[in-house]
Amino acid sequence: MQMFIQEVLATIEHQPVRLLTILRKIQNRYRHIPLAAIEQLAEALAIPRTQIIAVVEFYSFFHLTPQGRYEILLSDSITDLMLGQAANARYLAEKLGVEPGNVRHDGLVSLNFTSCTGLCDQGPAALINGLPVAQLDFAKIDSLVGLIDQQVPVEQWPAAWFDVNDNIQHPGLLLNSTIKPGQGLAAAWQRGLAATLQQIDQSGLRGRGGAGFKTAQKWRFCAEENSAQRYVVCNADEGEPGTFKDRVLLNRYADQVFEGMTLSAMIVGANQGFLYLRGEYAYLYQALEAVLLRRRQQGLLGANILGHGVSFDIEIRLGAGAYICGEESALIESLEGKPGIPRNRPPYPVSSGYLNQPTVVNNVETFLAAAAIAAHGGQWFASVGTEKSAGSKILSISGDCARPGIYEYAFGTTIARILADCGASEVLGVQVGGPSGTFISIEEADRRLAFEDLATGGSFIIFNRSRSIFDIAKNFTDFFAHESCGFCSPCRIGTSLLKKQLDKIVLGHGSVGDVVELESLSNLLKQYSHCGLGQTAANPVLTTLQRYPELYQQQLKQISYEPGFDLDAALETARQMANRDDAAAHLQQVED
Amino acid sequence: MPTLTIDGQTVAFQPGQTIIEAATAAGIYIPHLCHKPGYSPHGSCKLCSVTVNGRNCSACTFPAAEGQQVISNSDQLQQDRRKITQMLFVEGNHFCPSCEKSGNCQLQAVGYQLNMLDNHFPHFYPQRKVDASHPDIVLDHNRCIFCNLCVRASREQDGKNVFAISGRGINKHLIVNADTGLLKDSQLTVDDCAAHICPTGAILIRHTAYQRPIGQRIYDHHPISEVALEQEHGK
C-alpha cells in the first residue's frame, strides 16, 4: 500500500488541495481509507491526520471501515422510490443476504442507500462500484447477484446495463443552437472581450444554479478585484434531488461548457479553471478528460489559446458524495481538499474564493449559455423569456409523467404547458426546484417558470394523485437531515429535530400543539441557518403545510398531548429484569 | 469614527470590526458561545444572530458598516436564541446538577441569561464517550457543542492542532490528533490554551473540580452579560 500511495502522491504532485483525489483512489483500491494510509498521507502532505479523518468522515463515499468488493448504492431520491426502489432494496437484501447499511460477512458485497444519483428519468437507479445502473428491476437483480456470487468483475458485466440515456425530449433556444468548438471564443476575440462582456450583460443571463445572480456582474466584480491570480470554477455538483440536466449537458455538450469557462477566464483574467464534478458522476470523468485533451490539441485550452497568447487550463476535481458542496463556498472548501463547510460571507468568492483568490463560480448551464451568447450575441438570448428572466431554462423532468427527460423552455412558460408536453395526468402537484424549492398544487398550474415566480435550478418532479404529501415531505426532510454539514447549530440540530417532529405527526403520534411546533421549528431553521441548505430545509414542510393544512390536522389525535415515544415499549427492559408481564407492568400510551 | 445603531443606540466602531466587537466595545452584550475575542471568528453557534437592515446574520462574523441598523435585544431574537440554546442542550447530554463545570459553564449561563426554563425539544440522548486517558485533562464528549474554540485555540495559540471536528450533520464529533485517537497520546498539555477554553464541561482540568465550591462560582452571582463584557471589553 505504501508504494501505491507514493505513486498516487506523485501524480497529484503532493498537493494537499488534491486530497479528495487521492482519497478516491485509495477508497477505490482498498474499499476504505486504512489508518496506515492516513498516517502516510499526513506525513507526506504535512497536514494533521485529523484533517484527513475529518474529510473521510464528511463525505459519504469515503469510509474508515472496508466496504464490499462490490459496493452497491441505491438511490433513495423520491423519484427512485416512486419507481419501486423500496421493493428493489428488499429483494436485493434478501438475495444477497445483507441488509442495507451493511457489508456482507464475507466482505464481498455491501449495500447502502445514497442520495439522488441524477438518474431520475430512468430510475430506479443504483451505483455499483461507481458505475450507473438505470432501471433496476428484479430481473437485473437476479443476474447481478449471480455475477457477484461468481465474483465476475464489474467490467465484464453486460455493458448495456451501464448505458445512460440523455432523453432530450424538448430542446429549446440553447439546445437547438449549440456551437462548434472554438466558435464562441473566436467570436469573442473578434468582437473584443470588453464588448463580449457587454453582450453577456445585455443578454440578461442570470446564474442557472437557482440563485439567479447576474452573470456579467459576477464576472465584472471578479475582474475588478486587485489580484495576480484568479480562478474560474464550474459547479457540476448537481445534487438537488430530481436534477440531472448537467449530467446530460456534460455528456453531450461538454465542449460548449468548457468553452464558456474559457470565455469567462479570458474576460476575468484567470489562467486556471476547475470542473467540480459530483462523485456520483465519476463515470463521466474519462470522456470529459478526453474532451479537455482534444481542446488542448485544438489550441482552445493551454498556453496560447487561439494563438492570442492567452493561457488557461481546466482540471477536473471530483466530489465524494455531499450535497452541500453544491453551495459555492462549500464547493471551494472541497476543492481545497477540506470538508465542504460553507464559509462566512462576506467576503464572497468573487473577491476571496479558491485559495482566497478572486473566483467565479457558475453552474454548468450558465457556462453553456455564456458560450452561446458569445457566438450568437446578447440580443439573441434576451429576445426570449420575460423581462426579469431572460432566455430559457433547461429542466430535468421526472416523476409521474409519460415522457421524463430533458426539456428546455423559455422563461415565462406556464407549468400547465410543461405538464401537457411531458404527458402528465391526474396531477396532484409539482416540486419545482427540488426539495429546496417549492411544492405547488395543480391549482397553481397557471404559474410561470421565472425567477420572479417559480425559480428552479432545473428540478421538476411531478406527483400524481396516488401520491401522499407526507411521503414527499418526509423523504425531503430526511434528505436534508442527512446532508446537513453540521456546522451551525440551527441546521445541525434543527434538521434532525424537524425529521423527528414530522415523523411524530406522520406516524399518528401527533397532538394539537405538534403542527404549531413543526411550523415554529421550520421558521427557526429558515431564519437562522448559516447557508441555503438550512434556510431551505424546511421548505418541503412549509410549502405542503401551507397548501394542505387540513391533511396535517387530520393526522393529529384528538387529545391535548401525547408523548413522543412509546411508553409501554420503554418499559420492556424493566419487565424483563423484574420477570413480570402482568397488567400492572404495562402502561397505556394515553389515559382513557 | 463611523457609527451604526444597535437597538437604537448609536455606536462608534473602528473600520474592520465585526458587529459584536463594536457592541462589546460600546458595552452592549450580545449572547454568544463560539465567539471569543482574539480568535478567528467562526459563526457556528448562531446565538449572536442579530437583524441588520432587516436581514439576520451572525454578529461575530458580519462586518460593521456605516449606518447599519442592528436589532439585537428584541423579544423575537431573545426567544429564538433561547430555542437555539435549548437545541444545544438536547443535542448532547448536559446534566448540570452533576457536572463539575456548573456555575462556571457558559452554556448554562447563557441558558439563565435567556430565561431558559426547560429543554423544550425531545432529547437525542446520544451515546458518547469520555476520554479519561490524559493524566491532567478529561475530555467528556457528552458536553461538546462543536463551538470549535478548542480547535482554534490549539491551532492558533498553542501551534499544535490537537483537535478537529469530524463527521457530518448530527453525527459531528470532536476528534483528537493522536495515532490512538486518545488525549494521552496527543500533544495537549495542561498549560495549553486549548485545555482551558471550553465554554462547557467537555474539556476539564483534573484535580481542580470542586476547589471553588458551588455558590462561589463565576456565574453564581453575576449574569454572563456582565461577566462577558468585563472580560471581553477592550480586547
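On a predicted model such as this, the values are computed, not experimentally measured, just so you know.

Asker: Help me get a handle on the overall build of chain A, residues and values and all.
Answerer: The helix and strand inventory of chain A stands at 25 helices and 16 strands. In terms of C-alpha radius of gyration, chain A reaches 25 Å, essentially the compact-globule figure of 25 Å for 592 residues. Overall, the C-alpha framework of chain A stretches about 90 × 60 × 50 Å when taken along its three principal axes. For chain A, buried positions account for 53% of its 592 residues. Sequence separation of 24 or more characterises 72% of the internal contacts of chain A that already satisfy a separation of 6 or more.

Asker: Could you give an account of the packing of helix 6 (residues 85–96) of chain A against helix 7 (residues 138–149) of chain A, with specific residues and numbers?
Answerer: Residue and element names in this part refer to chain A. Relative orientation of the contacting elements helix 6 and helix 7 amounts to 25°, with a least axis distance of 10 Å. With respect to helix 7, the element helix 6 is oriented roughly parallel. Helix 7 is crossed by helix 6, and the crossing has right-handed handedness. Here Asn88, Tyr91, Leu92, Lys95 and Leu96 of helix 6 come into contact with helix 7, specifically with Phe138, Ile141 and Val145. Looking at the contact of helix 6 with helix 7, its residues break down into 6 nonpolar, 1 polar and 1 charged.

Asker: Describe the domain arrangement of chain B, with residues and values.
Answerer: The figure often quoted for interface size is the accessible area lost as the parts come together. All names here are of chain B. When cut into domains, chain B gives domain 1 (3–73) and domain 2 (95–232). Between domain 1 and domain 2, the C-alpha centre-to-centre distance is 24 Å. Domain 1 puts 14 residues into the contact, and the matching count from domain 2 is 18 residues. When grouped by side-chain class, the residues that make up the side of domain 1 that touches domain 2 number 8 nonpolar, 5 polar and 1 charged.

Asker: Let's hear about the sheet that holds strand 8 (residues 272–277) of chain A: which residues, and what values?
Answerer: Hydrogen bonds along the backbone pair up the strands of a sheet, which may run parallel or antiparallel. All names here are of chain A. On the basis of which strands lie adjacent, the open sheet formed by 5 strands has the order 9-10-8-7-11 and mixed pairing. Among the strands making up the open sheet, the edge pair consists of strand 9 (302–305) and strand 11 (359–363). Here the average twist between neighbouring strands, direction ignored, is 25°.

Asker: If you had to explain the interface of chain B and chain A to someone new, which residues and values would you point to?
Answerer: Contacts between the two partners involve 29 residues from chain B and, on the opposite side, 31 residues from chain A. Among the elements of the structure, helix 2 (75–91) and strand 8 (163–166) of chain B are those that each provide at least two residues to the side of chain B that touches chain A. Per-element tally for the side of chain B that touches chain A: the top contributor is helix 2 of chain B, with 6 residues. Per-class residue counts for the side of chain B that touches chain A are 12 nonpolar, 10 polar and 7 charged.

Asker: Can you lay out helix 11 (residues 245–252) of chain A for me, pointing to particular residues and giving the numbers?
Answerer: Burial within helix 11 of chain A is extensive, with 6 of its 8 residues counted as buried. For helix 11 of chain A, the complete set of buried residues consists of Lys245, Asp246, Arg247, Val248, Leu249 and Leu250 of chain A.

Asker: Tell me what's going on with the environment of Thr215 of chain A, and back it up with residues and numbers.
Answerer: All names here are of chain A. You can see Thr215 is positioned in helix 10 (residues 215–224). Exposure remark for Thr215: the 27 C-beta atoms within 10 Å place this residue in the buried category. Here the alpha-carbon distance between Thr215 and Asp201, two residues 14 residues apart in the chain, equals 7.4 Å. Setting aside anything within four residues of it in sequence, one finds Thr215 in contact with Ile200, Leu205, Arg206, Gly207, Asn362, Thr366 and Ala370.

Asker: Any details on the packing of helix 8 (residues 183–191) of chain A against helix 15 (residues 364–376) of chain A? Residues and values, ideally.
Answerer: Residue and element names in this part refer to chain A. Look at helix 8 against helix 15: their axes get within 7 Å of each other, and the N-to-C directions meet at 50°. Regarding the angle of helix 8 to helix 15, the classification is oblique. Crossing handedness for the pair helix 8 and helix 15: left-handed. Judged by residue contacts, Gln183, Gly184, Ala187 and Ala188 of helix 8 engage Ala371, Ala372, Ala374 and Ala375 from helix 15. Of the residues assigned to the contact of helix 8 with helix 15, the class counts are 6 nonpolar, 2 polar and no charged.

Asker: Give a description of the nonpolar core that names residues and reports values.
Answerer: All names here are of chain A. Counting 231 residues, the largest nonpolar core has Val233, Val257 and Leu368 as its most contacted members. The element that contributes the greatest number of residues to this core is helix 15, accounting for 10 residues. The residues contacting Val233, other than those within four sequence positions of it, are Gly273, Phe274, Tyr276, Leu331, Leu335, Tyr354, Thr359, Val360 and Val361.

Asker: Please give an account of the sheet that holds strand 10 (residues 203–205) of chain B that cites residues and values.
Answerer: Residues and elements named next belong to chain B. Judged by pairing direction, the sheet is antiparallel, and its 3 strands sit side by side in the order 6-7-10 without closing on themselves. Two strands close off the open sheet at either side, each with one partner strand: strand 6 (130–131) and strand 10. Two strands pair when backbone bridges link them, and strand 6 and strand 7 (residues 137–140) are joined in this way by 2 bridges, in the antiparallel orientation. Each residue of the ladder has a partner; that of Asp131, found in strand 7, is Leu139.

Calculation notes
- Residues numbered from 1 in each chain as written.
- Chains lettered and ligands numbered in written order.
- Predicted model: local features only at pLDDT ≥ 70, side-chain atom pairs only at ≥ 80, totals over all residues.
- Helix = DSSP H or I, 4+ residues; strand = E, 2+ residues; numbered from the N terminus.
- Rg over C-alpha atoms; globule rule 2.2 N^0.38 Å.
- Buried ≥ 20, exposed ≤ 12 C-beta atoms within 10 Å, placed from the backbone.
- Contact = placed C-beta atoms within 7 Å.
- Axes fitted to C-alpha atoms, helices over the stretch in contact; angles between N-to-C directions.
- Parallel < 35°, antiparallel > 145°, perpendicular 65-115°, else oblique.
- Left-handed = near helix turned anticlockwise from the far one by under 90°.
- Nonpolar A, V, L, I, M, F, W, Y, C, P; charged D, E, K, R; others polar.
- Domains from an automatic or database assignment.
- Pairing = 2+ DSSP bridges.
- Core = buried A, V, L, I, M, F, W, Y, C linked by C-beta atoms within 7 Å.

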